[in-house]
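Per-entry structural report
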Amino acid sequence: MNISNKAKTFLVLIGVNVTIVILLTILSPTFITYGNISAVMSRMSELGMLAIAETIVFISGGFDLSIGAIMALSGAVCGMLNAIGLPFGLVLFISLLVGLGVGAFNAFLIVNLRLQPFIVTLATMSIIRSIVYAMLKGSVLTGLPPGFLDLGYFYIFKIPFLFIVLIVTGIIISVLLKNTIIGRKIFFVGGNEKTAYLSGIHVGRVKYLVYCLSGLISAMAGIMFVIRIRAVIPDAGLNAPLEVVTAVLIGGTTIYGGKGSVFGSLLGILAMYLLLNGFSLLSLNPFWEVIILGLILIVVVGQKSISESLRRLFPSRKTERQVQVKPETV
Amino acid sequence: MNTTLHSGYRKKGLKEYFQFREIPILFYIIFIVIIFSILIDGFFSIKNFENISRQITTIGIVSVGMTMVIITGGIDLSVGAILSFAINIGGLGISLGWPIPVVYLVMIGLGLLLGFINGFLVTRIAVPALIITLGTMNIYRGITMVITRGIYITGISSSYQIVGEGLLPFMFFLIILAIFVFITLRTRFGRNLFAIGERGESALYSGVPVNKYKVITYVLSGFLSAFAGIILVGKSGFIQPQAGMGYEMGAIAAVVIGGTSIFGGSGSILGTFLGSLFMGLILAGLTMLAVNPFWIGFITGFLILVAIAVDSLRHRRKDYSGG
């Protein structure tokens, strides 16, 4: 039952994507050109990375609003250290480490001080964004090594390099979540933290891993963003919380934890970026983007709660609810 | 838990109004006033305190609404967006030459309406208020930007600035505080908000109309946001589409610093007042010390973390150790 539900979500998402593609092909002559499609692919890569990060956190039953700020921070660190003149490999390493560090800090607050994830990451988001602004003083940094920036123009079989990084990361994380013990533990902790704890799982360690991974992947997204726009800007990922949370929820991952998939989130991000691309091709006011994203977010979460309350109304479907307890994860 | 829920309506004197959790914050306030007075020339002056009182008013009023929402266990991220929506869309009436009372009524009406939409969605959709209001925040702000096309409304007649003159904003703030202290401590509705936040299900079984009361808190939050917007227009003399940016952070900070639990079920309006006073003093002091305004977000975030950490230590849930 559970599997068929998941397949249904995927089918709906793929259907939505195909519909958008067909509509845009009819409405705009430039949509289905190679240039446009590969631009959409590169553009969705850093947000896709953030969506992967958020998916892991959501599955563990947590919440991470700081992903966009971590993305901006790792970009800023990368630009600043490069300006100092450190060897570029070291610069990249430190930028990624900073993301990991912020993730560990989030985890420390959530695990050791037992604070609510969303308010913690709301606060760290504000703190990190503030640090980024203070570091860059509102200016844009350039002067990164051209060889590094040219990765943005690098294609393998005509597919943008950044997109390949996204897909590879997606596959690795997907395998990690589905096929490894630690991945199943993440699902278990998200499904029922107390049971997981009583079954001898180090809930704290799992959460540390989750937030560190989230920080690391967000930092990678930051570096990919720098490659794509060929500069460091302080406002990187400003809208990320809304966009990413929307995409992840569209993709069938729930905020209650224990359920979700990287594949679904990436399909959600794809649908979103196709839609955004459509807006710009049809030259609509860009602020329609946030309105539509907000609406989609509420409709998606609303529709789920409606169908869940329907399920509660019809006892004949009771079996479905029992399956959700996930005996297979034990 | 006795500090959070009072038994009955009997008079208990000062004790009822000042719960234990507000005492430390009072000390912090005295402490930083002393520190800043030593460090900064002219900090301890009537003029400066008047300035601070004007500065804390708008976010302070928004925080009062936020307190009500957080006490019931919810959160409202859309306060700044409602503020902006109300004054910008209501402000369209100014250029159409509507009389002032009508414009004010439209602004307030918009605040009530948007608050109601929040409340309706939060109670009908079984998803944390955070997600819902993250969505509505962006919808409201997006609509504001699309309609105004990012253009400021200037050339507002000086009669709109009456509400923003001198100590008048602070007076409004104090009146609102008094009203909401009364509501939270003296009315059935107010007392039940704590019950809802403490244990919503028990409240429901005890006959509390949980959903109705929750909707009312969001409506009140929307109303207060719009009211704060009117005062903001009075203070600044123009209307900008970006008004109220980051207010949700400032308001949450004031609320949690004031001792209201982010888990819901306990808190106080007076605490929120002290929290916003504390924030206002710190921001004013740092501005006078010429600290870069970029750091405001850092300080706000940091204070939120400290406040919720203190709250969490106080609450130490006993169920099991997560780490």
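Residues numbered from 1 in each chain as written. Chains lettered and ligands numbered in written order. Predicted model: local features only at pLDDT ≥ 70, side-chain atom pairs only at ≥ 80, totals over all residues. Heavy atoms only, no water.

1. Thoughts on the overall build of chain A
Check the secondary structure of chain A and you find 14 helices and 2 strands. Scaling as 2.2 N^0.38, a compact globule of 330 residues should have a C-alpha radius of gyration of about 20 Å, and chain A matches this with 20 Å. Residues classed as buried in chain A amount to 52% of the 330 residues present. Relative to all contacts within chain A whose residues are 6 or more apart in sequence, the contacts with residues 24 or more apart total 78%. (Helix = DSSP H or I, 4+ residues; strand = E, 2+ residues; numbered from the N terminus. Rg over C-alpha atoms; globule rule 2.2 N^0.38 Å. Buried < 20%, exposed > 50% of the residue type's maximum accessible area, 1.4 Å probe, protein only. Contact = heavy atoms within 4.5 Å.)

2. Side note on the environment of Ser37 of chain B
Residues and elements named next belong to chain B. Within the secondary structure layout, Ser37 lies in helix H2 (residues 22-39). Counting along the chain gives 277 residues from Ser37 to Arg314, while the straight-line C-alpha distance between them is 32 Å. If we skip the residues at most four places from it in the chain, Ser37 touches Phe43 and Phe44.

3. Looking at the interface of chain A and chain B
Counting residues at the interface gives 47 residues for chain A and 42 residues for chain B. Counting each side, the surface lost to burial between chain A and chain B is near 3,900 Å², with a carbon and sulfur contribution of 76%. If you sort the residues of chain A by the area they bury against chain B, Arg114, Ile119 and Ile298 of chain A come out on top, with a joint share of 17%. Connecting chain A to chain B are 0 salt bridges. Applying the counting criterion to the chain A and chain B interface returns 3 residue pairs in polar contact (both at pLDDT 80 or more). Sorting the residues of the side of chain A that touches chain B by element identifies helix H4 (88-112), helix H5 (117-136), helix H9 (193-198), helix H10 (203-229), helix H11 (240-250) and helix H13 (288-313) of chain A as the ones contributing at least two each. Top contributing element to the side of chain A that touches chain B by residue count: H5 of chain A, with 12 residues. In terms of residue class, the side of chain A that touches chain B is built from 31 nonpolar, 12 polar and 4 charged. (Buried area = accessible area lost by both parts, 1.4 Å probe. Salt bridge = Lys/Arg side-chain N within 4 Å of Asp/Glu carboxyl O. Polar contact = N/O pair within 3.5 Å; in protein donor to acceptor, adjacent residues only side chain to side chain. Nonpolar A, V, L, I, M, F, W, Y, C, P; charged D, E, K, R; others polar.)

4. Describing helix H2 (residues 34-59) of chain A
Residues and elements named next belong to chain A. For H2, built from 26 residues, the straight-helix expectation of 38 Å at 1.5 Å per residue is met to within 8% by its first-to-last C-alpha distance of 35 Å. In the structure, H2 departs most strongly from a straight axis at Ser45, where the bend amounts to approximately 40°. With 20 of 26 residues buried, H2 is to be regarded as a mostly interior element. With its phi angle positive at about 85°, Gly61 sits one or two positions after the end of H2. (Expected span 1.5 Å × (residues − 1). Bend = angle between axes of the 7 residues up to and from the residue.)

5. Brief notes about the pattern of salt bridges
Here the idea is simple: oppositely charged side chains can pair when their charged atoms come close. Residue and element names in this part refer to chain A. One pass over the full model with this rule turns up 2 salt bridges over all chains. In this structure, Arg228 engages Glu46 in a salt bridge whose closest nitrogen and oxygen atoms are separated by 2.7 Å. With a gap of 182 residues between them, Arg228 in helix H10 and Glu46 in helix H2 connect regions that are remote in the sequence. Of the residues examined, Arg228 reaches a relative accessible area of 27% and is grouped as partly exposed. Residue Glu46 is classed as buried on the basis of its relative accessible area of 2%. The shortest N-O distance in the salt bridge between Lys207 and Glu193 comes to 3.1 Å. Of the two residues, Lys207 is situated in helix H10 and Glu193 in helix H9; the sequence distance between them amounts to 14 residues. For Lys207, a relative accessible area of 13% translates into the label buried. Exposure remark for Glu193: the relative accessible area of 24% places this residue in the partly exposed category.

Limitation: the analysis is restricted to geometry and does not speak to function.
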